[in-house]
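This is what each chain is made of:
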Amino acid sequence: MIEDKVLIVFPHEININNGGPSGFIAHNLLDKPREYFVLSQDILKTEISKITKRLDYIIKRTLFLLKNRDENVKKLKVSFFYRYYSEKINMKNYKFLYFHETVHLERFRKYICDNQIVILQSHSPELPSVEYSKWAPSDTEEIAFREKAEKEAFKRADIVVFPNEGCKEIYNDLLTDKKRIEYILSGSKNGYSKEGGIHSLPEEEINLMYIGRRNEVKGFDIVLEAFRKARKRRKDINLIIVGNGEKIEEEGIIDIGFSTNPIKWYNSVDYLINANRQSYFDLSIIEALSTGVPIIMSNNFGHGYYEGKSSLIETYDVNKPDMLYEILMGDLKKRDFMNSENRDLYNSSLSDICYYERFKDFVKKTIG
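No experiment lies behind these values; they were computed from the predicted model shown. (Residues numbered from 1 in each chain as written. Predicted model: local features only at pLDDT ≥ 70, side-chain atom pairs only at ≥ 80, totals over all residues. Heavy atoms only, no water.)

Participant: Got a minute to help me understand the overall build of the protein chain in this structure?
Facilitator: Counting secondary structure elements, the protein chain contains 14 helices and twelve strands. Counting contacts in the protein chain only where the partners sit at least 6 residues apart, residues at least 24 apart contribute 66% of the total. Within the structure as shown, the protein chain displays about 17800 Å² of accessible surface, and the carbon and sulfur contribution to it stands at 48%. (Helix = DSSP H or I, 4+ residues; strand = E, 2+ residues; numbered from the N terminus. Contact = heavy atoms within 4.5 Å. Areas by Shrake-Rupley, 256 points an atom, 1.4 Å probe, with all protein chains shown as cover.)

Okay, structure coming up:
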């Protein structure tokens, strides 16, 4: 059994433009030396799409031989996939397994031996089952599975990892006093570049930016309502929206939609606005810090970390309805590109290099 490296099991695409664990791994681990860890993609180099096509053939052939065409193909496909994947990455050969999603750990759980050490880090700003139920409220079967998955995943995990203590509060109902908890502060790639380019925006106006999903937990409705209310009283503010969603066309709003280059927008605006109702430890905030953009953000859960860290970060209580509006009606200033406080905070604590050093210390302590 391999005992000097951690196997990070992630059976999906790793993409730096994604949020959640996919983006986290892309930012912090994908290009790092494999001295202390291995990614499952390192072992199984076949693309996921090719595996899926192969499994489609196997399942169809199996159903034909069984003469049972009414079998639940989706469930069978999932079962085949996780068994196949666990075998191909030699999962049983690693003493330490690191999972970044509760659903993944539950799917693989039957293939994990009792003597293997399981590490779990969930990246959701609310319980994963709750997050899914808001996205697909009618999918009661999958919601029930995810509720079971998160309970079983946290029960099986030997070590649970969070970026900081504020994030832990989100998962309190799934934790026990006996559970070993470790904190590894997250990081991200550096987006700062004087040659990175900027978008042309009104120079005499204050340009605000929202990036991310347009849902309740991210507080998109709070940002939109506060901006619209403020815009009625002052015409010198604009809101740039970056991220998927139904296009908004109205005075003062520039709806970009999805962008593969959010850095250029960070480089262009005067403020980034965040209104999370519940905060994990957003990659978008860390990435924004690396560009030096001033930030107006809610201060709950994991984002309590930022209180008092920089004069370019203004925090507020998102549960007080008018606080963001009052900030937008206050003394907003054009960005001072010479002020490097947020970049300094990023470089000292929140870069992907800083994260990797913390990760290495964690692994060395864990494997002894």
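Participant: Can you help me understand the packing of helix 13 (residues 341-350) against helix 14 (residues 352-367) in this one?
Facilitator: Between two packed helices, the angle of one axis relative to the other and the distance separating the axes together describe the packing. Packing of helix 13 against helix 14 brings their axes to within 6 Å, and their N-to-C directions diverge by 20 degrees. In terms of their interaxial angle, helix 13 and helix 14 are classed as roughly parallel. Here Y346, N347, S348, S349 and L350 of helix 13 come into contact with helix 14, specifically with D352, C354 and R358. Per-class residue counts for the contact of helix 13 with helix 14 are three nonpolar, three polar and two charged. (Axes fitted to C-alpha atoms, helices over the stretch in contact; angles between N-to-C directions. Parallel < 35°, antiparallel > 145°, perpendicular 65-115°, else oblique. Nonpolar A, V, L, I, M, F, W, Y, C, P; charged D, E, K, R; others polar.)

Participant: Would you take a moment to explain the nonpolar core for this structure?
Facilitator: Nonpolar side chains in soluble globular proteins generally cluster together in the buried interior. Residues M91, F99, F281, L289, Y306 and L350 are the most contacted members of the largest nonpolar core, which totals 54 residues. Looking at this core element by element, the count peaks at four residues for helix 11 (residues 283-291). Discounting chain neighbours no more than four positions away, the residues touching F281 are P163, N164, C167, L185, S186, I286, G302, H303, Y305, Y306 and L350. Counting residues in hydrophobic clusters, the runner-up holds 26 residues, among them L208, L224, F227 and Y325. (Core = buried A, V, L, I, M, F, W, Y, C linked by side-chain atoms within 4.5 Å. Buried < 20%, exposed > 50% of the residue type's maximum accessible area, 1.4 Å probe, protein only.)

Participant: Even after reading the chapter, I still don't get the pattern of salt bridges, so can you show me in this structure?
Facilitator: Evaluated as defined, the whole model comprises 27 salt bridges. The salt bridge partner of D158 is R156, with a shortest N-O separation of 3.1 Å. By relative accessible area, D158 is classed as partly exposed at 32%. Residue class for R156 comes out buried when judged on its relative accessible area of 17%. Residues E251 and R231 are paired through a salt bridge, measuring 3.1 Å at the closest nitrogen-oxygen approach. Highlighted residues: E251 in the loop between strand 8 (237-242) and strand 9 (253-257) and R231 in helix 9 (residues 220-231), separated in sequence by 20 residues. The class for E251 is exposed, based on a relative accessible area of 56%. Look at R231 and you get buried, because its relative accessible area is 10%. Salt bridges linked by common partners bring E106, R109, K148, E152 and K155 together as one network. (Salt bridge = Lys/Arg side-chain N within 4 Å of Asp/Glu carboxyl O.)

Participant: Whenever I open this one, the sheet that holds strand 7 (residues 206-211) confuses me. Can you help?
Facilitator: Note: strands within a sheet are paired through backbone hydrogen bonds, in either parallel or antiparallel orientation. Spatially, the six strands line up as an open sheet ordered 9-8-7-10-11-12, and their pairing is parallel. The outermost strands of the open sheet, each flanked by one partner alone, are strand 9 and strand 12 (313-316). The mean angle between the axes of side-by-side strands here comes to 25 degrees, regardless of whether they run parallel or antiparallel. Each of strand 7, strand 10 (271-273), strand 11 (295-298) and strand 12 is contacted by helix 11, which is oriented at about 160 degrees to strand 11, the strand it contacts most. (Pairing = 2+ DSSP bridges.)

Participant: Got a minute to help me understand the sheet that holds strand 6 (residues 180-183) in this structure?
Facilitator: A sheet is described by the order of its strands in space; here six strands give the open sequence 2-1-3-4-5-6, paired in parallel fashion. Each edge of the sheet is formed by a strand with only one pairing partner; in this case those strands are strand 2 (37-39) and strand 6. Each strand of the sheet is rotated relative to its neighbour by a mean of 25 degrees, with strand direction disregarded. Direction of pairing for strand 3 (residues 94-99) relative to strand 4 (residues 117-120): parallel, over a ladder of four bridges.

Participant: What am I meant to see in the packing of helix 6 (residues 128-135) against helix 7 (residues 140-156) here?
Facilitator: Where helix 6 contacts helix 7, the two axes come as close as 8 Å, and the packing angle between them is 165 degrees. Looking at the two axes, helix 6 sits roughly antiparallel to helix 7. For the pair helix 6 and helix 7, the crossing hand works out as right-handed. In this structure, helix 6 contributes P128, S129, Y132 and S133 to the contact, and helix 7 contributes E142, I143, R146, E147 and E150. Grouping the constituent residues of the contact of helix 6 with helix 7 by class yields three nonpolar, two polar and four charged. (Left-handed = near helix turned anticlockwise from the far one by under 90°.)

Participant: For this particular structure, what's the right way to read the packing of aromatic side chains?
Facilitator: Any aromatic ring pair is given by two values, namely how distant the centres are and how the planes are angled relative to each other. For the structure shown, the criterion picks out 19 aromatic pairs. On the numbers, 6.0 Å between centres and 40 degrees between planes, the contact of F99 with F108 is tilted. Between Y355 and F359, the aromatic rings sit 6.0 Å apart at their centres with planes inclined by 25 degrees, giving stacked as the arrangement. Separated by four residues within a single helix, Y355 and F359 lie in helix 14, roughly one turn from each other. (Phe/Tyr/Trp six-rings, centres within 6.5 Å; stacked < 30°, edge-to-face > 60°.)

Participant: Explanation requested: helix 11 in the structure shown.
Facilitator: Along an α-helix, a turn takes 3.6 residues, which lines up residues three or four apart on a common side. Burial of helix 11 is extensive: eight of the nine residues sit out of reach of the surface. Within helix 11 the residues assigned to the buried category are L283, I285, I286, E287, A288, L289, S290 and T291. One or two residues past the end of helix 11 sits G292, with phi positive at roughly 90 degrees.

Participant: Explain the side chain of R231 here, please?
Facilitator: Reaching out from R231, the side chain makes a polar contact with the backbone oxygen of I237 at a distance of 2.5 Å. Once residues lying within four places of it in the same chain are set aside, the contact partners of R231 are I237, N238, E251 and G252. (Polar contact = N/O pair within 3.5 Å; in protein donor to acceptor, adjacent residues only side chain to side chain.)

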